[in-house]
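Here is what each chain is made of, one letter per residue.
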Amino acid sequence: MTIKMTEVEFYKLKAELENERAQFALAKCFENGEGIEKNIKEALFWYKKSAENGFAPAQCRLADMYYHGESTERNINLSIEWYIKAAEQNDSEAQYKLARIYINQNDIDNAMRWYLSSAELGNFYAQVDIARLYLDSGDEKRARLIAEQYGIDWSAITRCPCSDGFPVSNKKEKLNILNRIKGIQEVQFSAITPRNFIDGEHAIINLIIYQEEFSEILDEIIENGQSEFKKSHGGF
């Protein structure tokens, strides 16, 4: 007799066995209402379980929830702690968001550390922000050099930045940051090929999750450095 399980049931079974990838997948289902009634508190619970088990994408998403106060009290310090945990595992999204927080706090050393790390991992937005910071500080030559090395079209540097929830709070703070940036000495940027980013700052993978291939498929996603994925029944 064959027992059929829904994807959510399978995720829940594996999640209760402390599978961090299944916990993350289950949290996504609760967050988006995929195959189950939407429940952000349950999503937060399973993101936290996955994050505590060391899964970087869950740590980054949990940090987002603490930063924005999603179904929990807003807590910037906790947000930073979880971003750092994910960033130290080379999660480029967490590194980028951490850099934006440090920029907002006028902590240029830490901001540039994480901007550069994220950029080297192929994060387009980190690459653009680094170039834009030099451009805003009056160093167009350096900004153009960075854009060229990262393969970024100059128009992406000069157009207005997108709102991402991590703004520099006022003009005075921005001027302080730019004055600090002017004092930064030579920084070596290696040429890399930026990744393609689809639908904002997440690379979305369309895939079918088969029960017997669950762990293998998700391992492949993690090995490829993707921070999020989207399930569909239409295939790749």
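Quick caveat, the model's predicted, so the values are computed rather than measured.

*Asks:* Is there a simple way to think about helix H9 (residues 140-150) in this case?
*Replies:* Along an α-helix, residues three or four apart share an orientation, since each turn contains 3.6 residues. Within H9 the residues assigned to the buried category are Arg142, Ala143, Ile146, Ala147 and Tyr150. Buried positions in H9, seen along its axis, are confined to an arc of 135 degrees and lie on one side of it. Residues Lys141 and Glu148 are exposed on H9 and point more than 90 degrees away from its buried face. Against the buried residues of H9 lie helix H7 (108-120), helix H8 (124-136) and helix H10 (154-158). Positive phi shows up at Gly151, right after H9, with a value of about 70 degrees.

*Asks:* Help me out: how do you make sense of the pattern of salt bridges in this one?
*Replies:* Tallying each qualifying case throughout the model produces twelve salt bridges. Put simply, Lys28 and Glu31 hold a salt bridge, and the shortest N to O gap is 4.0 Å. Here Glu31 and Lys28 lie together in helix H2 (residues 20-32), a separation of three residues that amounts to about one turn. Classification of Lys28 as buried rests on a relative accessible area of 10%. Residue class for Glu31 comes out buried when judged on its relative accessible area of 12%. Three or more residues are tied together by salt bridges with common partners; here these are Lys28, Glu31, Arg61, Asp64, Glu70, Glu93 and Lys97.

*Asks:* Sorry, what's going on with the packing of aromatic side chains here?
*Replies:* We describe a pair of aromatic rings using the distance from one ring centre to the other and the angle between the two ring planes. The tally for this structure, following the rule as stated, stands at six aromatic pairs. Note on Phe124 and Tyr125: the rings are 5.5 Å apart at their centroids and 80 degrees apart in plane angle, and the pair reads as edge-to-face. The class of Tyr125 is partly exposed, set by a relative accessible area of 25%. Aromatic rings pair up to connect Tyr96, Tyr115, Phe124 and Tyr125 into one cluster. Seen from the ring of Tyr67, Arg74 lies directly overhead, with NZ or CZ sitting 4.7 Å from the centre. Between the NZ or CZ atom of Arg142 and the centre of the ring of Tyr134, over which it lies, the distance is 5.4 Å.

What counts, and where the lines are drawn
Residues numbered from 1 in each chain as written. Predicted model: local features only at pLDDT ≥ 70, side-chain atom pairs only at ≥ 80, totals over all residues. Heavy atoms only, no water. Buried < 20%, exposed > 50% of the residue type's maximum accessible area, 1.4 Å probe, protein only. Helix = DSSP H or I, 4+ residues; strand = E, 2+ residues; numbered from the N terminus. Arc of directions from axis to C-beta. Contact = heavy atoms within 4.5 Å. Salt bridge = Lys/Arg side-chain N within 4 Å of Asp/Glu carboxyl O. Phe/Tyr/Trp six-rings, centres within 6.5 Å; stacked < 30°, edge-to-face > 60°. Lys NZ or Arg CZ within 6 Å of the ring centre and 35° of its normal.

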